[in-house]
Amino acid sequence: MGKIGVVTLFHVRNIGAVLQAYATNKILTEAGYEVEYIRCYGIRDSLSFFLGDIGGIRLYNLKFVLNKIFKFEKAFKLFTEVKLNQINTTKYEAIIFGSDSIWIPRNQKESMPPAFFGMIRNDNKLAYAASSGGYDDLNKFTSEQKKAIVTIDHISVRDVVTKKLVNKLTKKPVNIVLDPTLLINWNTYLQENTCMEKIEKEDYIMLYGGFKDKDIKKLKEYAREKNKKLIAVGSYIKGADKSIAVSPIEFLNYVKYADEIYTSMFHGVMISISFNKQFSYFSADPNRDKKLETVLYNLGLQYLLINSGKIFLEEIDYSVVNKRLEEQRIESLDFLLNSIKNNIVEE
């Protein structure tokens, strides 16, 4: 088969970004395609991403931050990377835009470079699970960004907010699909990378993301009642028993073996679902809530948003979740692979 170009966030020190990019890579390579990740941002954008990814550096977390930087440098080697200004983009059988929050508009501090919106030449361009990052005001987008999105031949998004935005720009069908992290078996990935053995030997409750001090205090008391360690994975949290800088694959291992998970991150939710873990979502960003609404509703887990910030009220019944998940996996994979072949049937 041919070669596919992918435009997404992959060279950033963000666990979810790397895992979604890897999941897409694995799906495409197993389908027989050669995959190249197109780096569309220059030094200025790279520096902005870097500073955002590592967060505030303090003396107390310096070792953590340096360890995080080192672990991600190794993770970036998972991808075949090319620079946009050094290639002929028409050589690809298709170019995929996504997944992740690649359509963040103008006037936002994390606004994406123009190429992320579709401003690349190719005869078969498709968006897979793209997101506006919860931003729902079309006026925030430049005319250049809006025109670029319209040039994409096959469009899928991962949330209703983004779907409504795109529907205002074009009459092309806009499908809602699963984030790629929900499309593959992460246990298989751990086996392939000899990372199945439990890293943390003690029983633990896992934290991932940012939390209010009062929530950390509450969770620490809860962990003590359960006689378990409270471990922050991938982010530094002062009140936790331990904060651990991890590579994306190590993150998967910690999720797999956690007794419970508390997260404020989109991909913290996605990976928890993938491993069928008991977890709770702590809302820290209204836009992130918007990104999560669609997938949680479609899987019958919308109550996790309503009960945000609370310790488990009821056990997640994964027999129901997994049935819905499998149906949506089939639809999502069909869209992705048929779009590459330019074989989508318009309704």
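Please refer to the structure higher up on the page.
Residues numbered from 1 in each chain as written. Predicted model: local features only at pLDDT ≥ 70, side-chain atom pairs only at ≥ 80, totals over all residues. Heavy atoms only, no water.

### Re the environment of I15
Note the cut-off: A run of H or I in DSSP becomes a helix once it reaches four residues, and a run of E becomes a strand once it reaches two; helices and strands are each numbered from the N terminus. By definition, residues are in contact when any of their heavy atoms lie within 4.5 Å.
Looking at the secondary structure, you find I15 in helix 1 (residues 15-30). In the structure, I15 is positioned 209 residues away from R224 in sequence and 28 Å away in space, judged by C-alpha atoms. In contact with I15, other than residues within four places in its own chain, are F72, Y208, G234, V246 and F251.

### Observations concerning the sheet that holds strand 6 (residues 154-157)
Strand pairing in a sheet is mediated by backbone hydrogen bonds. Such pairs are either parallel or antiparallel. For the record, the criterion: Two strands are said to pair when DSSP picks up at least two bridges between them. To obtain an axis, a line is fitted to C-alpha atoms, over the contacting stretch when the element is a helix, and the angle between two such axes runs from 0 to 180 degrees between their N-to-C directions.
Strand order in this open sheet of seven strands is 3-2-1-4-5-6-7, and the pairing throughout is parallel. The strands lining the two open edges of the sheet, one partner per strand, are strand 3 (81-83) and strand 7 (174-176). In this sheet, adjacent strand axes meet at a mean angle of 30° when their direction is disregarded. As defined by bridge partners, strand 4 (residues 94-97) adjoins strand 5 (residues 125-130) across three bridges and the pair is classed as parallel. Each residue of the ladder has a partner; that of I96, found in strand 5, is L126.

### Concerning a positive patch on the surface
Our working definition: The patches reported here contain residues having more than 30% relative accessible area and no salt bridge. Joining distances are 9 Å for like charges and 5 Å for nonpolar side chains (Val, Leu, Ile, Met, Phe, Trp, Tyr). Note on areas: Shrake-Rupley with a 1.4 Å probe; residue coverage comes only from the protein chains shown. Definition used for salt bridges: Asp or Glu carboxyl oxygen within 4 Å of a side-chain nitrogen of Lys or Arg. Only four residue types enter the tally: Lys and Arg on the positive side, Asp and Glu on the negative side; His and the chain ends are excluded. By convention, the point assigned to a charge is CZ for Arg, NZ for Lys, CD for Glu and CG for Asp.
A surface patch of positive charge is lined by K212, K214, K218 and K310. Residue placement: K218 occurs in helix 7 (residues 213-225).

### Considerations on the packing of aromatic side chains
Filter applied, for reference: Any two rings among Phe, Tyr and Trp, with Trp reduced to its six-membered ring, count as a pair given centres within 6.5 Å; such a pair is stacked if its planes are under 30 degrees apart, edge-to-face if over 60, and tilted if neither. When a residue's accessible area, from a 1.4 Å probe over protein chains only, is under 20% of the maximum for its type it is buried; when over 50% it is exposed; and in between it is partly exposed. Think of it as a cone above the ring: NZ of Lys or CZ of Arg counts as a charge over the ring if it is within 6 Å of the ring centre and within 35 degrees of the ring normal.
By the definition in use, this model includes 13 aromatic pairs. Geometrically, the ring pair formed by Y262 and F282 is edge-to-face, given 5.9 Å between the ring centres and 80° between the ring planes. Residue Y262 is found in strand 11 (residues 260-263), and its partner F282 is found in the loop between strand 12 (279-281) and helix 10 (286-298); the two are separated by 20 residues along the sequence. Overall, the relative accessible area of 3% leaves F282 in the buried class. Following the ring pairs from residue to residue traces out a cluster consisting of F211, Y222, Y262 and F282. Taking the ring centre of F266 as reference, the NZ or CZ of R158 above it sits at 3.9 Å. Stacked on the ring of Y257, the Lys or Arg K256 has its end atom at 5.5 Å from the ring centre.

### Brief notes about the sheet that holds strand 10 (residues 242-244)
An order of 10-9-8-11-12 is seen for the five strands of this open sheet, with the pairing classed as parallel. Whereas interior strands pair on both sides, the edge strands pair on one side only; in this sheet they are strand 10 and strand 12. Averaged over all pairs of adjacent strands, the angle between their axes in this sheet comes to 20°, without regard to strand direction. Relative to strand 10, strand 9 (residues 229-233) runs parallel, the two being bridged by three bridges. Each bridged residue has a counterpart across the sheet, and for I231 the counterpart in strand 10 is K242.

### A few points about helix 8 (residues 248-257)
Taking burial as the measure, the ten residues of helix 8 include seven buried ones, the bulk of the element. Buried within helix 8 are the following residues: P248, I249, F251, L252, N253, Y254 and V255.

### Section: unusual backbone geometry
With glycine set apart, most residues show a phi of negative sign, and most peptide bonds adopt trans. The omega angle of the peptide bond from G98 to S99 is 5°, so this bond is cis rather than trans. The topology assignment puts S99 in the loop between strand 4 and strand 5. The backbone of A129 sits at a positive phi, close to 55°, despite the residue not being glycine. Within the element layout of this structure, A129 appears in strand 5. Backbone geometry at N227 places phi at a positive 60°, although glycine is not the residue there. On the basis of relative accessibility, which here comes to 69%, the residue N227 falls in the exposed class.

### Description of the pairing of strand 9
Here is the rule we go by: Consider the strands pointing away from the viewer: the crossover is right-handed when the path from the first strand over the helix to the second runs clockwise.
Among the five residues of strand 9, four are classified as buried, and the element is accordingly described as predominantly covered. Sheet topology places strand 8 (residues 204-208) next to strand 9; four bridges connect them, and they run parallel. In the strand pairing of strand 9, L207 is matched with A232. Following the backbone out of strand 8, through helix 7 and into the adjacent parallel strand 9, one traces a crossover that is right-handed.

### Section: the side chain of R158
To keep it simple, the criterion reads: Between N or O atoms, a polar contact is any pair within 3.5 Å; within protein, one atom must be a potential hydrogen donor and the other a potential acceptor, and residues adjacent in sequence are included only when both atoms are from side chains.
Among the secondary structure elements, R158 is positioned in the loop between strand 6 and helix 5 (160-167). Here the side chain of R158 touches S101 through a polar contact of 3.5 Å, side chain to side chain. Here the side chain of R158 touches D179 through a polar contact of 3.0 Å, side chain to side chain. In contact with R158, other than residues within four places in its own chain, are D100, S101, A129, A130, S131, I176, V177, D179, F266, H267, K291 and T294.

### Side note on the nonpolar core
Stated formally: Nonpolar cores were defined as sets of buried Ala, Val, Leu, Ile, Met, Phe, Trp, Tyr and Cys residues, with membership established by side-chain atoms within 4.5 Å.
Counting residues in hydrophobic clusters, the biggest one holds 99 residues, and the most contacted among them are W103, W186, M206, F251 and I273. The element contributing the most residues to this core is helix 1, with nine residues. Here W186 is in contact with L19, Y22, A23, T181, L252, I271, S274 and F275, once residues within four sequence places are set aside. Counting 13 residues, the second largest nonpolar core, distinct from the first, contains I205, A232, A240 and F282.

### Let's talk about the environment of I237
As for its position among the elements, I237 is in the loop between strand 9 and strand 10. The class for I237 is buried, based on a relative accessible area of 9%. For the pair I237 and R224, spaced 13 residues apart in the sequence, the C-alpha separation amounts to 17 Å. Not counting chain neighbours up to four residues away, the residues in contact with I237 comprise L207, G209, F211, I216, A232 and S243.

Geometric values such as these leave the question of function open.
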